[in-house]
Every structure is written in C-alpha cells, then in structure tokens.
Amino acid sequence: MDLDQAITGRRSIRKYSDQTVDGETLEQIIQAGMWAPTACNDQDCRFIVINDKNKFDELLSYGAASFLKDVQTAILVLYKNTSTNQEYRDYYQSGAAIIQNMLLKAHSLGLGSCWVCNLPSQRKVRRIFHIPANYAVIALVSIGYPVSTPKPVNRKHKPDKVTWLNSFGFDEETDFILERRKSFKRFLRKVYYRFPKSSFIRNLAEKLEKKFVN
Ligand SMILES: Cc1cc2nc3c(=O)[nH]c(=O)nc-3n(C[C@H](O)[C@H](O)[C@H](O)COP(=O)(O)O)c2cc1C
C-alpha cells in the first residue's frame, strides 16, 4: 500500500465482524510497532494481547470506552516509565509512535483498529493485567475486521492555518466555552477514576462519552 494512501485512508474503526484475527496477523502488527523510533533507542515496549471477554468486561466495569463491549481482540501497549527524559514524557512519545505504526500496519492488512485511551485509571489497568509499576499503560489498540468502510474525511485545518515560521503565532483565538467544557470533563474524569463504580458518575460519564459513527 502506498504511504499516502495508508496515512489518509486509515480511520478509527470501532465495529468489527465476528472473524477472529489470527496470532500471525497480530504478530505482524506488533512487529510493525516495534519498528517505530523510540527515545534513546530503548525499545522498552511490552504488549498484552487481550482476547478474554472477562478482561474486556472488567475494563468496562471500571469505566472504559463503551464500544469495547463488542470487541474480541485488542492489544494493550505498555512502555517502561523509567526513561531519562521525564520532562518530555519520552516514554509516552515512544509508545505513541509504536501505536501509530500498528494502526497503519493493521490498515494495510485490511483490518480496522482504534486507539483507545478512554480506560480506567493506570492503577486499575495495572491491577487487572498484573502490570508492574515501572510500566506505563500507553493505550489499548482494538483490532478486528471492519463491518463497513468508513467515509473519507477531511482534517479540521489546512497546514497553513496551524503552522508558523520560527515562533508561535499569538493571534490565536481561545474558545472559552470549549475550554471550560474541557476543564469540567477533566474534573469529572478525575472523580470517575476515584469512584469508578458510582452509578451517578458512571451514568454521567456515559452520557458525556463522545459518540462516533464507525
Ligand atoms: C491519544 C488518542 C486517544 C484516543 N482514545 C480514543 C478512545 O478512548 N475512544 C475512541 O473511540 N477513540 C479514541 N481515539 C480515536 C480518535 O477518536 C480518532 O482518531 C479521531 O476521532 C479521528 O478519527 P480517525 O482516526 O478516523 O481519523 C483516540 C485517538 C488518540 C490519538
């Protein structure tokens, strides 16, 4: 697949058919992730393949993206958090590069995938999967055969609206209403992480969860 085609044709897919993704295919996706650049070339990534419905249910019971209820296969991407450049959270950056490679590889193999950060707190996810504290949970990547092909979309901005030469363009307008909504949602997420089983907070979180069409 041509690189531009892969980049612009990849979309987040959240609905999958019943067809199982075999181990060899998952290995190819993980392999692609491992070819990503990593800070200091540490390559300190770890992957947990999830195909146990109980694990998905557990994630959901502590608050996770609701579409995971119908997902059969996902890969949890971890990265060692003891890297040396904590100022730039380089382990998250390495993890993110790995995930993007995985999404592109999955797309090139005719699979659909979705990058998922709407997960329970790091502490909870660690407990569910027995992950030691020196690994950060970067995100979960759901994978499966798509039930439909999503429509092509445009990006919100053209490059010239978001790019400046040599210094940041300060004439940017702040959308105060949007920022206030975001800070309210940030606050709610913190509360949710503390009290994931509270039905009141849970209902509110479900209502506020962004609905996607794919
Ligand atoms: C860091 C990150 C976290 C994301 N978390 C979620 C998530 O929790 N749930 C979800 O449905 N999609 C999630 N997505 C997917 C985005 O919603 C998606 O990439 C975006 O809507 C653009 O759509 P596209 O991937 O089809 O181009 C996430 C993407 C990124 C990069």
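The structure presented is a predicted model; accordingly, all values stated were derived computationally and were not measured.

A. Summary view of the sheet that holds strand β3 (residues 112-116). Read from one edge to the other, the open sheet built from 4 strands follows the order β1-β2-β4-β3, with strand pairing classed as antiparallel. Looking at the sheet topology across the chains shown, the edges are occupied by β1 (45-50) and β3. Sheet twist, expressed as the average angle between the axes of neighbouring strands with direction ignored, equals 25 degrees. In this structure, strand β2 (residues 73-80) lies alongside strand β4 (residues 135-144), joined through 8 bridges in antiparallel fashion. Within β4, the residue paired with Lys80 across the bridge is Tyr135. This element, helix α2 (residues 23-34), spans β1, β2 and β4 of the sheet and lies at about 160 degrees to β1. Contacting β1, β2, β3 and β4, helix α4 (residues 90-108) runs over the sheet at an angle of about 10 degrees to β4.

B. Spotlight on the site of the ligand. Neighbouring residues of the ligand: Arg10, Arg11, Ser12, Arg14, Phe67, Cys114, Trp115, Val116, Cys117, Asn118, Arg155 and Phe212. Contacts to the ligand include Arg14, whose side-chain N or O atom sits 2.6 Å from an oxygen atom. Here Cys117 contributes a backbone N or O atom positioned 3.1 Å from a nitrogen atom of the ligand. In the complex, the protein chains occlude 69% of the 620 Å² of accessible area that the ligand would expose alone. Broken down by class, the residue content of the shell around the ligand amounts to 6 nonpolar, 2 polar and 4 charged.

C. Examining the side chain of Arg14 more closely. In this structure, Arg14 sits in the loop between α1 (3-9) and α2. Not counting residues within four places of it along the chain, the set of residues in contact with Arg14 comprises Phe67, Cys114, Phe212 and Asn214.

D. Expanded view of a nonpolar patch on the surface. Side chains of Trp164, Phe168 and Phe170 sit close together on the surface and give an oily, nonpolar patch of about 390 Å² of accessible area. For Phe168, the position within the fold is in the loop between α6 (159-162) and α7 (176-194). For Phe168, a relative accessible area of 45% translates into the label partly exposed.

E. A look at the nonpolar core. In this structure, Leu68, Leu76 and Leu140 are the most contacted members of the largest nonpolar core, which totals 24 residues. Of all elements in the fold, only α3 (53-61), β2, β3, α5 (122-129) and β4 reach the threshold of two or more residues within this core. Among all residues touching Leu68, those that are not within four sequence positions of it are Phe56, Leu60, Val116, Leu140 and Ser142.

F. View of the pairing of β2. In terms of residue burial, β2 counts as a mostly covered element, since 7 of its 8 residues are buried. Of the strand pairs in this sheet, β1 and β2 are connected by 6 bridges, and their pairing is antiparallel. Each bridged residue has a counterpart across the sheet, and for Val49 the counterpart in β2 is Ile75.

G. The pattern of salt bridges, seen in detail. Scanning the model with the defined rule gives 3 salt bridges in all. Across the salt bridge formed by Lys53 and Asp57, the nearest N and O atoms sit 3.0 Å from each other. With Lys53 and Asp57 both in helix α3 and 4 residues apart, the pair spans about one turn of that helix. Here Glu179 and Lys182 are joined by a salt bridge, their closest N and O atoms 3.9 Å apart.

H. Focus on the packing of aromatic side chains. Tallying each qualifying case throughout the model produces 2 aromatic pairs. For the pair Tyr91 and Tyr92, a centre-to-centre distance of 4.8 Å together with 35 degrees between the ring planes defines the contact as tilted. Judged by relative accessible area, which is 30%, Tyr92 ranks as partly exposed. Between Trp164 and Phe168, the aromatic rings sit 4.8 Å apart at their centres with planes inclined by 50 degrees, giving tilted as the arrangement. The ring of Tyr62 carries the charged tip of Lys197 above its face, separated from the ring centre by 4.3 Å.

The rules we used
Residues numbered from 1 in each chain as written. Predicted model: local features only at pLDDT ≥ 70, side-chain atom pairs only at ≥ 80, totals over all residues. Heavy atoms only, no water. Pairing = 2+ DSSP bridges. Helix = DSSP H or I, 4+ residues; strand = E, 2+ residues; numbered from the N terminus. Axes fitted to C-alpha atoms, helices over the stretch in contact; angles between N-to-C directions. Contact = heavy atoms within 4.5 Å. Near = heavy atom within 4 Å. Polar contact = N/O pair within 3.5 Å; in protein donor to acceptor, adjacent residues only side chain to side chain. Areas by Shrake-Rupley, 256 points an atom, 1.4 Å probe, with all protein chains shown as cover. Nonpolar A, V, L, I, M, F, W, Y, C, P; charged D, E, K, R; others polar. Patch = residues over 30% accessible without salt bridge, like charges linked within 9 Å, V, L, I, M, F, W, Y side chains within 5 Å. Salt bridge = Lys/Arg side-chain N within 4 Å of Asp/Glu carboxyl O. Buried < 20%, exposed > 50% of the residue type's maximum accessible area, 1.4 Å probe, protein only. Core = buried A, V, L, I, M, F, W, Y, C linked by side-chain atoms within 4.5 Å. Phe/Tyr/Trp six-rings, centres within 6.5 Å; stacked < 30°, edge-to-face > 60°. Lys NZ or Arg CZ within 6 Å of the ring centre and 35° of its normal.

Geometric values such as these leave the question of function open.
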